[in-house]
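If you want the building blocks of each chain, they are given just below.
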Amino acid sequence: MKSFFARKSQKPILERCRKDQASLMRQKYAPWYHSMDSQHKTRVEMNGKEMVMLTSNDYIGLTFHPKVIEAGKKALDEWGSSTTGARPANGSRRYHIELEEALAAFLNKEACQVSSAGYISCSTGIASFAQRGDVVLADKNLHSSLWDGIRLSHASMERFSHNNAGSLRTELELLDPDVAKLLAIEGVFSMEGHISPLPELLDVADEFGCFVVMDDAHGIGVLGEEGRGTANHFGVEDRIDLLVGSLSKSLSSTGGFVAGDKDTIEYLRTHSKQTIFSAAISPSQAACAKMALQVMQDEPEHRERLWANVEKYKKILLELNLDTWGSETPAIPVVLGSKERAYIFWQNLLKKGVFTVMSIAPGVPPGKDLIRTAISASHTDKDFEIIAEAFAYAAKKL
Ligand SMILES: Cc1ncc(COP(=O)(O)O)c(C=O)c1O
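Per chain, the residues get numbers from 1 upward, laid out in the order the sequence is written. Per-residue local features are limited, in this predicted model, to residues with pLDDT of at least 70; the limit for side-chain atom pairs, both in listing and counting, is 80 or more; totals at the level of whole chains, interfaces and linings are taken over all residues.

**Overview of the packing of helix α6 (residues 94–106) against helix α14 (residues 283–298)**
Logical step 1: The axes used here are C-alpha line fits, helices contributing only the stretch in contact, and every angle between their N-to-C directions lies in the interval 0 to 180 degrees. A run of H or I in DSSP becomes a helix once it reaches four residues, and a run of E becomes a strand once it reaches two; helices and strands are each numbered from the N terminus. One can describe the packing of α6 onto α14 by two numbers: an axis separation of 10 Å at closest approach and a directional angle of 30 degrees. As judged from the angle between their axes, α6 and α14 are roughly parallel. For α6 against α14, the interelement crossing comes out left-handed. Facing Y95, H96, E98, L99, A102, L103 and F106 of α6, the residues of α14 in contact are P283, A286, A287, A289, K290 and L293.
Logical step 2: Under this grouping Gly is polar, as are all residues other than the nonpolar Ala, Val, Leu, Ile, Met, Phe, Trp, Tyr, Cys and Pro and the charged Asp, Glu, Lys and Arg. The residue makeup of the contact of α6 with α14, split by class, is 10 nonpolar, 1 polar and 2 charged. Should an angle fall under 35 degrees it is called roughly parallel, over 145 degrees roughly antiparallel, and 65 to 115 degrees roughly perpendicular, with every other angle called oblique. Helix crossings are classified by the rotation of the near helix relative to the far one: an anticlockwise turn of less than a right angle makes the crossing left-handed, while a clockwise turn makes it right-handed. It is the C-beta atoms, placed from the backbone, that decide contacts: two residues are in contact if theirs lie within 7 Å.

**Focus on the environment of S116**
Logical step 1: The residue S116 is located in the loop between β4 (111–115) and α7 (118–127) in this model.
Logical step 2: Each C-alpha atom, one on S116 and one on T254, is 6.7 Å from the other, the two residues being 138 residues apart in sequence.
Logical step 3: When sequence neighbours within four positions are dropped, the list of residues in contact with S116 reads G255, S278, A279, A280 and I281.

**What about the pairing of strand β7 (residues 181–186)?**
Logical step 1: For the exposure call, what matters is how many other C-beta atoms sit within 10 Å of a residue's own: 20 or more marks it buried, 12 or fewer exposed, and in between partly exposed, using C-beta atoms placed from the backbone. Taking burial as the measure, the 6 residues of β7 include 6 buried ones, the bulk of the element.
Logical step 2: In this analysis, strands are considered paired if DSSP registers two or more bridges between them. Across 6 bridges, the pairing between β7 and strand β8 (residues 210–215) is parallel. Each bridged residue has a counterpart across the sheet, and for A184 the counterpart in β8 is V213.
Logical step 3: Assessed by its sense of winding, the connection that carries the chain from β7 through helix α10 (residues 198–207) to β8 is right-handed. Place the viewer so that the strands point away; then a crossover is right-handed whenever the path from the first strand over the helix to the second strand goes clockwise.

**Considering the sheet that holds strand β1 (residues 38–40)**
Hydrogen bonds along the backbone pair up the strands of a sheet, which may run parallel or antiparallel.
Logical step 1: Read from one edge of the open sheet, 4 strands run β1-β2-β3-β12, paired in mixed fashion. The sheet terminates laterally at β1 and β12 (354–355), the two strands that pair on one side only.
Logical step 2: Strand direction decides the pairing type here: β1 and strand β2 (residues 43–46), joined by 3 bridges, are antiparallel. Bridging across to β2, Q39 finds its partner in V44.

**Here's the deal with the site of the ligand**
Logical step 1: Put plainly, near means the residue's C-beta atom, positioned from the backbone, lies within 6 Å of the molecule or strand in question. As a structural note, the neighbourhood of the ligand is formed by 14 residues, with G118, Y119, H143, S190 and S246 the closest of them.
Logical step 2: Counting residues per element, the shell around the ligand draws most heavily on α7, at 3 residues.
Logical step 3: Classifying every residue of the shell around the ligand by side-chain character gives 4 nonpolar, 8 polar and 2 charged.

**Looking at the domain arrangement of the protein chain**
Logical step 1: When its domains are assigned, the protein chain resolves into domain 1 (28–57 + 300–397) and domain 2 (66–298).
Logical step 2: Here the limits of each domain have been adopted from an automatic or database domain assignment. A separation of 27 Å is found between the C-alpha centroids of domain 1 and domain 2.
Logical step 3: In this complex, domain 1 contributes 15 residues to the contact, which on the side of domain 2 involves 13 residues.
Logical step 4: When residues in the side of domain 1 that touches domain 2 are grouped by element, the largest group, 3 residues, is from strand β11 (residues 331–335).

**Quick look at the pairing of strand β9 (residues 242–246)**
The side chains of a regular strand alternate, residue by residue, between the two faces of the sheet.
Logical step 1: Among the 5 residues of β9, 5 are classified as buried, and the element is accordingly described as predominantly covered.
Logical step 2: Residues L242, V244 and S246 point to one face of β9 and L243 and G245 to the other, with burial holding for every one of them.
Logical step 3: Of the strand pairs in this sheet, β8 and β9 are connected by 3 bridges, and their pairing is parallel. Pairing of D215 across the sheet is with V244, part of β9.
Logical step 4: Note that β9 and strand β10 (residues 256–260) share 5 bridges and pair antiparallel. Bridging from a neighbouring strand, S246 pairs with G256 of β10.

**Some remarks on the environment of I150**
Logical step 1: Here I150 is to be found in helix α8 (residues 144–153).
Logical step 2: Expressed as a C-alpha distance, the spacing of I150 and A22, which sit 128 residues apart in the sequence, is 25 Å.
Logical step 3: Once residues within four sequence positions are removed from consideration, I150 is found in contact with I126, V136, A138, A155, M157 and A184.

The following block contains the structure:
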């Protein structure tokens, strides 16, 4: 009989894990997976040092809002820590239904389904509707959750150039007019901060009969009346068939949603493997999101402060001649063009007390290696002083 160690070394997958270059490099340079010892609003403590957090997606800055925290605590007391099961089996709770109704009303849709992660909602928003034989038209810069949804659907896929209605039309003209088509887009692109040119894309989509799925994880709270998102910003809410997104950005929680008309959401509840076989969102997460949604509507000053902060920050970057890839939103990349330059820049920001995240190819297109930053309504003038000094230092060191 072979020894335990001999058997272990004959496992090709174990060998692959041990020798994986990407994992070895990640551990050597350690740009990701840092551990923070504490956090209060935009300040985190890491290795005994206080830092300004400049990557979190807390756009409206409600994660420490007293009403949001109170709502989460109350839900824990009332409903316990978890439903410990999926809703078709264990049943929904009143707080699920209330959150879904509040979100549907806010997004101007008939119905909504929430899940325990934005990733689940975004991927199921495609996987449950497209099927083998259909074609998904995909903006080439989509988020990973949408690519996974496309793969899970077994539909075939055509990419079109980022935010380019002409390129979408070219792809559609080559397809069989009778085949079922789904257009997958984002309202605000998370890495680039670009706003989708919705009216032009929707004109093409309508002409070719595409079912339109839009991920607005980074548009909700940021754009539109009271933060209703990108479709509201352009006045085209009724032309988006399915709106998917996350509760973990402006809604200061964890979880995801899919919103659409009643028939579409009922179809989703029947066919979405990702939510039928996954435990429901927890009571405290749902309660935090619902309260954040209410605060967003009651207290517009948070969004106003967010946009004022975006202007302050962009001015700092502009004065240093840094490339923000034309971002139009609080998700603001600083493009450095190579992984080496991005790494040095990221390290120097860290040294000066600013926490950011590096994003390198293939996560971004080649030559677009960047530092991803995001502005919050919670950033203070003192934060911006630290940010300005740190960016000036990092730019000089390049
Ligand atoms: C555009 C986009 N869609 C979906 C998701 C997934 O959301 P969550 O983090 O809530 O799972 C993210 C989060 O990174 C995102 O940026």
